Amino acid sequence: MKKIFTIVLLSAFSMVNAQAFKGKGDTKLNIGLTAQNGGSGIQASTDFGLGENFSIGILGSYLLGGSHIEDVAFEYRFDAKARFNANLGNVLNVSPKFDLYPGLNLGIKNFGGHVGARYFFSEGFGVFTEFSAPFAKYDKDASSRYNNGTAFSIGASFNL
């Protein structure tokens, strides 16, 4: 019975026609956890497809915990960024369910870059992971290291 259930489940997933990035008009929502030097928290981002292989979006993150986080003011716990992505999933031609997106971001704390990947299991649901790093920091003050360094994020991705 377990073998039959496994075969049916795998067959159902293989028939789903998920696509990671469709191009112009496509909208994605990512919600996940972020970890960085000095803290960890939550992150939400959305990307809007403007062309076959590029999108723009926004990102917001908030640190919930970390070293001496109780002494950190709200302005250092919160971050917001505008983003530009080059969606390379169809260029790489790995799978229509997979998208690799390097990009640039301009935030309230720094200017930097990111590289991320999405994989969709169904038409509406997938997972993402992302790594970001600053190229230039606006404030080099010691407390600004929160939300102002390299970060790793992982979570769920949704088609809107």
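Check the entry above for the structure.
This structure is a prediction, so every number in the text was calculated from the model and none was measured.

Visitor: Explain the pattern of salt bridges here, please?
Guide: Inspection of the entire model under this criterion finds six salt bridges. Arg83 is paired through a salt bridge with Glu130; the nearest N and O atoms lie 2.9 Å apart. Of the two residues, Arg83 is situated in strand S4 (residues 78-86) and Glu130 in strand S7 (residues 125-137); the sequence distance between them amounts to 47 residues. Classification of Arg83 by relative accessible area gives buried; the value is 5%. Owing to a relative accessible area of 5%, Glu130 belongs among the buried residues under this scheme. Counted as one network, the salt bridges with shared partners bring together Asp47, Arg83, Asp99, Arg118 and Glu130.

Visitor: Quick question: what am I supposed to make of unusual backbone geometry here?
Guide: Note: most residues except glycine have negative phi, and most peptide bonds are trans. Residue Asn93 is not a glycine yet carries a positive backbone phi of 55°. One can find Asn93 in the loop between helix H3 (89-92) and strand S5 (98-107).

Visitor: I keep staring at the pairing of strand S2 (residues 39-49) and nothing clicks. Help me out?
Guide: Regular strands place side chains that alternate from one sheet face to the opposite one. For strand S1 (residues 27-36) and S2, the ladder comprises ten bridges, and the chain directions are antiparallel. Bridge pairing links Gln36 to Gly39 in S2. When S2 meets strand S3 (residues 54-65), the two strands line up antiparallel, connected through ten bridges. Following the sheet pairing, Ile42 is matched in S3 by Tyr62. Hairpin remark: S2 followed by S3, antiparallel, with four residues in the connecting loop.

Basis of the calculations
- Position numbers for residues count from 1 along each chain, tracking the sequence in the order it is written.
- With pLDDT at 70 or above as the cut-off, local features in this predicted model cover only qualifying residues; side-chain atom pairs require 80 or more to be listed or tallied, and sums for whole chains, interfaces and linings still use all residues.
- Note: side-chain values were computed over all heavy atoms of the structure, leaving out hydrogens and water.
- What makes a salt bridge here is a side-chain nitrogen of Lys or Arg within 4 Å of a carboxyl oxygen of Asp or Glu, nothing more.
- Helix and strand definitions follow DSSP, with helices as H or I runs of at least four residues and strands as E runs of at least two, each counted in order from the N terminus.
- Accessibility here uses a 1.4 Å probe with only protein chains present; expressed as a share of the type maximum, an area under 20% marks a residue as buried, one over 50% as exposed, and anything in between as partly exposed.
- Strand pairing is defined by DSSP finding a minimum of two bridges between the two strands.

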